Amino acid sequence: MSNEVKSIQGRGIPLVGNDIDTDRIIPARFLRCVTFDGLGEEVFKDDRAQSDGTHPFDQPQYRGAKLLVVNANFGCGSSREHAPQAIARWGIDGIIGESFAEIFFGNCVAMGVACVTADPATVKTLQEAIADNPNLEITLDVEARQVQFPGFSASVNMAAGPHQMLTTGTWDTCGQLVGNRDAIRTTAAQLPYLAWK
């Protein structure tokens, strides 16, 4: 399938702190939207306002980053799917963290955002390396469960189910429907209750 997520390469953005919840990722007032369009601009809106321009998502050197590096229990709190949508619409394709809230993780996988876990030492190394050199090119090899940059390589973890979904593209349920439309039409034509008048 064309939506396979096997490797993500790009610059990173470090976001230090445990227990960053979905209300911080996207405040509740932005949940009234009819579509997810524009949510990327509002990601971490209140945290950014309180940080007076020092929040990583406001720093120009991190614009265009593809990988977010976080600490423990990222995405905890309410189950709003707007949180991973806002992060992805800002431009993030993958998240490396010590741990993730289960529903947040599931919402990420459902939209093709790779979330992998790493030990605290690896996360700290990544965050510090990115802070020291925001132009550092990092490779998250989802298929091989590895994260690398020049002079550094470490294992990352992802359960077998989400790993299979991302690397084979089966996370994309709409894509599967479109890709199998002929088989669906054939099956539908054989179902007697669809021919009722």
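Keep in mind that what you see is a predicted model, and the values were worked out from it rather than measured.

Cut-offs and rules
Residues numbered from 1 in each chain as written. Predicted model: local features only at pLDDT ≥ 70, side-chain atom pairs only at ≥ 80, totals over all residues. Heavy atoms only, no water. Pairing = 2+ DSSP bridges. Helix = DSSP H or I, 4+ residues; strand = E, 2+ residues; numbered from the N terminus. Axes fitted to C-alpha atoms, helices over the stretch in contact; angles between N-to-C directions. Phe/Tyr/Trp six-rings, centres within 6.5 Å; stacked < 30°, edge-to-face > 60°. Buried < 20%, exposed > 50% of the residue type's maximum accessible area, 1.4 Å probe, protein only. Core = buried A, V, L, I, M, F, W, Y, C linked by side-chain atoms within 4.5 Å. Contact = heavy atoms within 4.5 Å. Salt bridge = Lys/Arg side-chain N within 4 Å of Asp/Glu carboxyl O.

Peer 1: What is the right way to read the sheet that holds strand S8 (residues 152–155) from this model?
Peer 2: Hydrogen bonds between backbone groups are what pair the strands of a sheet, and the pairing can be parallel or antiparallel. Taken together, four strands build an open sheet; the order of strands is S1-S6-S7-S8 and the sheet is antiparallel. On the outer flanks of this sheet lie strand S1 (7–10) and S8, each paired with one strand and no other. Strand-to-strand, the axes of this sheet are offset by a mean angle of 10 degrees, without reference to chain direction. One ladder, built from four bridges, connects strand S7 (residues 146–149) with S8; its direction is antiparallel. Each residue of the ladder has a partner; that of Phe-149, found in S8, is Phe-152.

Peer 1: What should I look at first to understand the packing of aromatic side chains in this one?
Peer 2: Remark: the centre distance and the inter-plane angle together describe each pair of aromatic rings, the angle taken between the planes. Per the stated rule, a full pass over the model turns up seven aromatic pairs. Relative to Phe-104, the ring of Phe-74 lies with its centre 5.3 Å away and its plane at 85 degrees, an arrangement referred to as edge-to-face. In this pair, Phe-74 is assigned in the loop between strand S3 (67–69) and helix H4 (82–90) and Phe-104 in helix H5 (residues 102–109), connecting sequence segments 30 residues apart. Just as Phe-74 is buried, Phe-104 falls in that class too. Judged by centre distance (6.4 Å) and plane angle (45 degrees), the rings of Phe-100 and Phe-105 are tilted. With respect to burial, Phe-100 and Phe-105 carry one shared label: buried. Each member of the aromatic cluster is reached from another via a ring pair, and the members are Phe-74, Phe-100, Phe-104 and Phe-105.

Peer 1: Just checking my understanding: could you explain unusual backbone geometry for this structure?
Peer 2: A negative phi holds for most residues other than glycine; trans holds for most peptide bonds. Even without being a glycine, Asp-19 presents a positive backbone phi close to 60 degrees. Among the structural elements, Asp-19 can be located in the loop between strand S2 (12–14) and helix H1 (22–25). A relative accessible area of 43% places Asp-19 in the partly exposed class. In this structure, Asp-52 takes a positive phi of about 50 degrees despite not being glycine. Assignment of secondary structure puts Asp-52 in the loop between helix H3 (45–51) and S3.

Peer 1: Is there a simple way to explain the nonpolar core in this structure?
Peer 2: One recurring pattern in soluble globular proteins: nonpolar side chains tend to sit buried together. Of all hydrophobic cores here, the largest spans 55 residues; its most connected members are Leu-68, Phe-74, Ile-95 and Phe-104. Filtering out sequence-adjacent residues up to four positions away, Leu-68 remains in contact with Ile-13, Leu-15, Phe-57, Phe-74, Ile-87, Ile-92, Gly-94, Ile-95 and Ile-96.

Peer 1: Is there a simple way to think about the sheet that holds strand S5 (residues 114–117) in this case?
Peer 2: The sheet built from four strands is open, its strands ordered S2-S3-S4-S5 with parallel pairing. Looking along the sheet, the strands with just one partner apiece sit at the ends: S2 and S5. Averaged over all adjacent pairs, the angle separating strand axes in this sheet is 20 degrees, with direction ignored. Relative to S3, S2 is paired through three bridges, and the arrangement is parallel. Residue pairing for S3: Gly-12 is matched across the bridge by Leu-67.

Peer 1: In this structure, what is going on with the environment of Leu-39? I would like to understand it.
Peer 2: For Leu-39, the position within the fold is in helix H2 (residues 39–42). Separated by 13 residues in the primary sequence, Leu-39 and Ile-26 have C-alpha atoms spaced 8.0 Å apart. Once residues within four sequence positions are removed from consideration, Leu-39 is found in contact with Ile-26, Phe-30, Cys-33, His-82, Gln-85 and Ala-86.

Peer 1: Would you mind going over the pairing of S8 with me for this structure?
Peer 2: If a strand is regular, its side chains alternate between the two faces of the sheet. Because side chains alternate across S8, one face comprises the buried residues Phe-152 and Ala-154, and the other comprises Ser-153 and Ser-155, none of which is buried. Hairpin connection between S7 and S8: a loop of two residues separates the two successive antiparallel strands, and Gly-151 in this loop has a positive phi of roughly 85 degrees.

Peer 1: Explanation requested: the pattern of salt bridges in the structure shown.
Peer 2: Where charged atoms of side chains with opposite charge meet at close range, the side chains can pair. Under the definition given, this model contains ten salt bridges. Here Arg-80 and Asp-23 are joined by a salt bridge, their closest N and O atoms 3.0 Å apart. Here the residue Arg-80 occupies a position in the loop between S3 and H4, and Asp-23 occupies one in helix H1, the gap between them amounting to 57 residues. Judged by its relative accessible area of 14%, Arg-80 falls in the buried class.

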